[in-house]
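Per-entry structural report
What follows is the residue order along each chain.
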Amino acid sequence: MDHFLYRDGQLMAEDVAIAQIAAEVGTPFYVYSSATLLRHFKLFDEALAWTDHLVCFAMKSLSNQAVLTLLGDAGAGMDVVSGGEYRRARAAGISGDRIVFSGIGKTREEMRIALEGGIRQFNVESEPEMEALSDVAVGLGVQAPITVRVNPDVDAKTHAKISTGKKEDKFGIPISRAREVYAMAAALPGLKVIGIDVHIGSQLTELEPFRLAYRKVAELTEQLRADGHEITRLDLGGGLGIPYARDNSAPPLPTDYGAMVQEEVGHLGCEIEIEPGRLISGNAGLLVAGVIYVKSGEGRKFLILDAAMNDLIRPAMYEAWHDIIPVVEPAPGHDFTPYDIVGPVCESGDTFAKERLMPTLSAGDLVGFRSAGAYGAVMSSEYNSRPLIPEVLVKGDQFAVIRRRPTFDEMINRDTIPEWL
Ligand SMILES: *Cc1c(COP(=O)(O)O)cnc(C)c1O
């Protein structure tokens, strides 16, 4: 559920007309609904109300400072995957004890920043990383709280590029070697083992792969406890999927997910952490674009938009589907036209949809890409020297630009020409 609905023939973001934002900000732009973001966060928070828990928003899905502040104020922690994200979270007022540091390639410098600034835990992913982290912590005279990310070797049944929990994926340590690795961690002076971490992938549309993974984590918890480790926290990762197409069968809800978690690991008495990204931010965002031209090709019509693959790369990168809807609600009984919906970038991959049946549109019309809040703005680039597009946040009848469009001078002046040229 989200807050992008038609009212009086106009697509709204909560109580603000998209057309009004477009008139003030110019297309293309991203717009986020604070009510949707909060609603999704709260669904997870309530789904885990049966135990001590922290919902850590995977901010790599959407990392604007205003969004982090909104969710942080509601009680969310943050899952960060880089020193840059750590800094963003801290700058948004999230205290270190609500920040979890994930990722397979943390540098010593990133470890130092997090240890000095405060951190809830590091989710470590390899022996060499454990050694480096212990070293850095000892150097600072502290102990780093850690979980080890285990790879449970389950098939997440999602797109290959976002599956992370099979043994051939680069993430975590094989669960079969976990006891050995925990023994090593316990022997390192700079580490304090507190729990286990698992994250098997993104855009999962069934609970079963989670269930299999969590069952393995529960067994491991008992083994590790028998080995003498204090396992008090389980980080169960993110990955719950969202419906991208309206006619799709809907993925499980956070409530069902929370109940399944309780069934599989509830008896262990651990504090539970989860790291949802997409399910909180995905349907909370809309990418709004204008039609530049309608071009007739051989046997097909192209809708050429002012948004492109550099603004939203998911269709090009993951063959992702986004529902694309007109900003003016089509009248009942209107015509449909099949369009190839494309951007202006000089690549055939800059195609958002092929032969998509749409209400007939013309130049100047506006369209919205639904479910564009996650892995949208954060993955954008300036390819083709196209400025990063603005981000707008709506709350009720208010809206604000939360990242403005850079000027062309700003873009050009970031480069320097060597004196010797
Ligand atoms: C990407 C990622 C997440 C979030 O995944 P979503 O599918 O957006 O929920 C959580 N944890 C880790 C470690 C990740 O890499």
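Let us now look at the overall build of the protein chain. Along its length, the protein chain carries 12 helices and 21 strands. Computed over C-alpha atoms, the radius of gyration of the protein chain comes to 23 Å, within 12% of the 22 Å expected from 2.2 N^0.38 for 421 residues, which places it in the range of a compact globule. Along the first, second and third principal axes, the C-alpha set of the protein chain runs to 70 × 60 × 40 Å. Pairs at least 24 residues apart make up 70% of the contacts formed inside the protein chain by residues separated by at least 6 positions. Put simply, the protein chain shows about 18,000 Å² of open surface, and 51% of that area lies on carbon and sulfur atoms.

Around the ligand, 15 residues are found, and the nearest of them are K60, S202, E275, R278 and Y375. In this structure, K60 approaches the ligand through a side-chain N or O atom, which is 2.7 Å from an oxygen atom. Within the contact set of the ligand, a nitrogen atom lies 3.5 Å away from a side-chain nitrogen or oxygen of D79. Within the complex, 93% of the 390 Å² of free accessible area of the ligand lies under protein. Counted by class, the shell around the ligand contains three nonpolar, seven polar and five charged residues.

What follows concerns the side chain of D323. Residue position: D323 is located in the loop between α11 (314-318) and β16 (324-326). Since its relative accessible area comes to 11%, D323 is described here as buried. Within the structure, the side chain of D323 is placed 2.7 Å from the side chain of W321, a separation counted as a polar contact. Setting aside chain neighbours within four positions, we find D323 in contact with Y244, A245, R246, R356, G368, F369 and R370.

The subject of this paragraph is the sheet that holds strand β2 (residues 10-13). Here three strands make up an open sheet; going across it, the order is β1-β2-β3 and the pairing antiparallel. Each end of this open sheet is capped by a strand with a single partner; those strands are β1 (6-7) and β3 (16-17). Summarising the sheet, β1 and β2 pair through two bridges and their orientation is antiparallel. Pairing of Y6 across the sheet is with L11, part of β2.

This paragraph deals with the packing of aromatic side chains. Applying the stated rule across the entire model yields seven aromatic pairs. Consider the rings of Y30 and Y32, whose centres lie 6.2 Å apart with planes at 15 degrees: the pair is stacked. Y30 gets classed as buried once you look at its relative accessible area, which sits at 0%. What makes Y32 buried here is its relative accessible area of 0%. Here the aromatic rings of F210 and Y257 are separated by 5.3 Å at their centres, their planes lie at 80 degrees, and the arrangement is edge-to-face. Of this pair, F210 sits in helix α8 (residues 208-226) while Y257 sits in helix α9 (residues 254-265), placing them 47 residues apart in sequence. Chaining the aromatic ring pairs together yields one cluster made of F44, F210, Y214 and Y257. It is R356 that lies over the ring of W321; its NZ or CZ is 3.5 Å from the centre.

What follows deals with the state of the cysteines. As enumerated under the stated definition, the model contains zero disulfides in all. Cysteine C270 shares no disulfide, and the gap to the nearest cysteine sulfur, in C56, comes to 15 Å.

Parameters at a glance
Residues numbered from 1 in each chain as written. Predicted model: local features only at pLDDT ≥ 70, side-chain atom pairs only at ≥ 80, totals over all residues. Heavy atoms only, no water. Helix = DSSP H or I, 4+ residues; strand = E, 2+ residues; numbered from the N terminus. Rg over C-alpha atoms; globule rule 2.2 N^0.38 Å. Contact = heavy atoms within 4.5 Å. Areas by Shrake-Rupley, 256 points an atom, 1.4 Å probe, with all protein chains shown as cover. Near = heavy atom within 4 Å. Polar contact = N/O pair within 3.5 Å; in protein donor to acceptor, adjacent residues only side chain to side chain. Nonpolar A, V, L, I, M, F, W, Y, C, P; charged D, E, K, R; others polar. Buried < 20%, exposed > 50% of the residue type's maximum accessible area, 1.4 Å probe, protein only. Pairing = 2+ DSSP bridges. Phe/Tyr/Trp six-rings, centres within 6.5 Å; stacked < 30°, edge-to-face > 60°. Lys NZ or Arg CZ within 6 Å of the ring centre and 35° of its normal. Disulfide = S-S within 2.5 Å.

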